[in-house]
Amino acid sequence: SIPREKLGVALVGLGEYSNGQLGPALKATAYCSLTAVVSGSEEKRKKWQDEYQLKSENLYSYADFDRIKDNTDIDIVYIVLPNSMHAEYTIRAARAGKHVICEKPLATTVEDGKRMIEACNEAGVRLSVGYRLHFDLFHQELMRLGRGRTLGKVRRIISDDSMAIGEKDQWRVKGSLAGGGPLMNNGIYCVQAAQYIAGQLPVAVNASFLPKTDPEKFKDVEEGIQWEMEFVDGTVAICESSYARDGNFLRAEADDGWFELSPAYEYSGLKGRASTGEMIFPEVNQQALQMDDFAICIKNNKTSRVSGEMGLRDLIILKAIYKSASGGRKEPL
Ligand code: NDP
């Protein structure tokens, strides 16, 4: 049984994802609601206050942030900042005694990821990563088909998550803020999917960078990368991610059939097919279900299915993929 009272969420960083997805999703959640915002922009704070009926004392700047400690309206802090800032704000939120959802990728270094988990453990708060696709019905079907061997054992997984990015001054192309290029931002979804379809962890990765067509825009981070993930039983995932073009595809080939999503990684409009027929599922609000699930985990004192440890596991794989691409050889995990 779940207590009905909603948990209060503070969004940290009022950029595109907060604006377009998380704010709206928090109007649809059953077990949590937006009670505070943290932003460097007074104009944005004011706009959010009006739209979400926030109390004036629940609007924070980054300098103010640690004062959330004394605010009982806030149970969960949701970090929606550029990747290299995830660690600092997650740790500060934990020290303020708040549960944390951190956007993907968990951090930009493995050391940071470990420090975040430690800080949350020490403070006795829960940590979760914004892996929204675990709450999408199409992706849950892939988990079922893959892990359950419904169409036989999966032998090969093929995936591409790419997006052509415009503006050359954005944080996503700055190494110090993003920690990497499309692998950190998009490829992480392929890394996730390969594991939840295969139902195991990879044992080795083999990667190479794609040639840069715009070396000026991508002077700090890779423009594109391709990689393979090998699983202990011989299953292989073949993946690619680029900032120079669009791509959104996930396919699994099993002994007795196949299944695929295209588009695979969007917020909505996913389409799925299997060798046995079309996949038909209702569209859900991925972010609302993700946040509600975390609220329920907190109420029931349970670890999230998209835990900080899972975020760290993936970060270790991403780093091995980079190491393989840089070194030109296979990397064991
Ligand atoms: P944006 O650039 O749109 O927003 C980031 C916000 O962070 C800014 O608006 C700003 O908010 C704040 N910020 C603080 N310091 C800086 C800085 N030095 N440079 C830039 N911004 C800063 O990014 P997104 O919202 O697209 O992404 C934020 C995070 O969410 C990333 O980790 C990303 O990977 C993740 N994300 C996850 C998605 C998913 O599907 N799960 C989808 C999209 C993003 P303010 O002005 O309020 O201070």
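Sequence order sets the numbering: in each chain, residues are counted from 1 along the sequence as written. With the structure being a predicted model, the display of local features is reserved for residues of pLDDT at least 70 and the display and counting of side-chain atom pairs for 80 or more, all residues being used for whole-chain, interface and lining totals. Values shown for side chains rest on all heavy atoms present in the structure; no hydrogens or waters enter the calculation.

Visitor: Could you give an account of the site of the ligand, with specific residues and numbers?
Guide: Definition of nearness: a residue and a molecule or strand are near each other if at least one heavy atom of the residue lies within 4 Å of the molecule or strand. Taken together, 24 residues form the shell around the ligand, and within it Glu-16, Ser-39, Lys-44, Tyr-62 and Arg-132 come nearest. Whenever a nitrogen or oxygen atom comes within 3.5 Å of another N or O atom, the pair is scored as a polar contact, on the condition that within protein one atom can donate a hydrogen and the other can accept it, and that pairs from neighbouring residues in sequence are kept only if both atoms are in side chains. Gly-40 is positioned with one of its backbone polar atoms (N or O) 2.8 Å from an oxygen atom of the ligand. Interatomic distance of 3.1 Å between a backbone N/O atom of Leu-81 and an oxygen atom of the ligand. Method for areas: the Shrake-Rupley scheme with a 1.4 Å probe, in which residue coverage is limited to the protein chains shown. For the ligand, the protein covers 81% of the area, taking 880 Å² as the surface of the free molecule. For the shell around the ligand, the secondary structure elements donating two or more residues are helix 1 (16–25) and helix 7 (182–198). Following the grouping adopted for this structure description, the nonpolar residues are Ala, Val, Leu, Ile, Met, Phe, Trp, Tyr, Cys and Pro, the charged ones are Asp, Glu, Lys and Arg, and the polar ones are all others, Gly among them. Residue classes in the shell around the ligand are distributed as ten nonpolar, eight polar and six charged. Bear in mind that the domain bounds are from an automatic or database domain assignment. Counting residues domain by domain, the shell around the ligand receives three or more from each of domain 1 (7–132 + 288–302) and domain 2 (137–283 + 315–332). By definition, any uninterrupted DSSP run of H or I lasting at least four residues is a helix, any uninterrupted run of E lasting at least two residues is a strand, and each is numbered from the N terminus.

Visitor: Can you lay out the pairing of strand 12 (residues 257–261) for me, pointing to particular residues and giving the numbers?
Guide: To sort residues, take the accessible area from a 1.4 Å probe on protein chains only and compare it with the maximum for the residue type: under 20% means buried, over 50% means exposed, and anything in between is partly exposed. Counting buried residues in strand 12 gives four out of five residues, a clear majority hidden from the surface. Inspection of the sheet shows strand 11 (residues 247–254) paired to strand 12 by five bridges, in the antiparallel sense. Looking at the pairing, Glu-253 lines up with Trp-258 of strand 12. For two strands to be treated as a pair, DSSP must find at least two bridges joining them. Here strand 11 hands over to strand 12 after two residues, the two strands then running antiparallel side by side. In terms of strand pairing, strand 12 meets strand 13 (residues 272–274) through three bridges, oriented antiparallel. Bridge assignment links Leu-261 to a residue of strand 13, and that residue is Gly-272.

Visitor: Describe the sheet that holds strand 2 (residues 32–38), naming the residues involved and giving the relevant values.
Guide: The six strands lie next to each other as 3-2-1-4-5-6, forming an open sheet whose pairing is parallel. At either end of the open sheet lies a strand with only one pairing partner, and these are strand 3 (59–60) and strand 6 (127–129). As judged from the four bridges shared by strand 1 (residues 7–12) and strand 4 (residues 76–79), these two strands associate in the parallel manner. Looking at strand 4, one finds that Val-12 is bridged to Ile-79. Helix-sheet contacts for helix 8 (residues 286–299) involve strand 1, strand 2, strand 4, strand 5 (99–102) and strand 6, and the interaxial angle to strand 5 is about 155 degrees. Contacts are residue-level and defined by heavy atoms, with any inter-residue pair within 4.5 Å sufficient. Fitting a line to C-alpha atoms yields each axis, with helices limited to the stretch in contact; the angle taken between N-to-C directions then spans 0 to 180 degrees.

Visitor: I'd like a description of helix 8, backed by residues and values.
Guide: A helix is expected to span 1.5 Å multiplied by its residue count minus one. Over its 14 residues, helix 8 extends 20 Å from the first C-alpha to the last, a length consistent with the 20 Å expected when each residue adds 1.5 Å. Burial within helix 8 is extensive, with eleven of its 14 residues counted as buried. Where helix 8 is buried, its residues meet strand 1, helix 1, strand 2, strand 4, strand 5 and strand 6. Of the residues flanking the end of helix 8, it is Asn-301, one or two places downstream, whose phi is positive at about 55 degrees.

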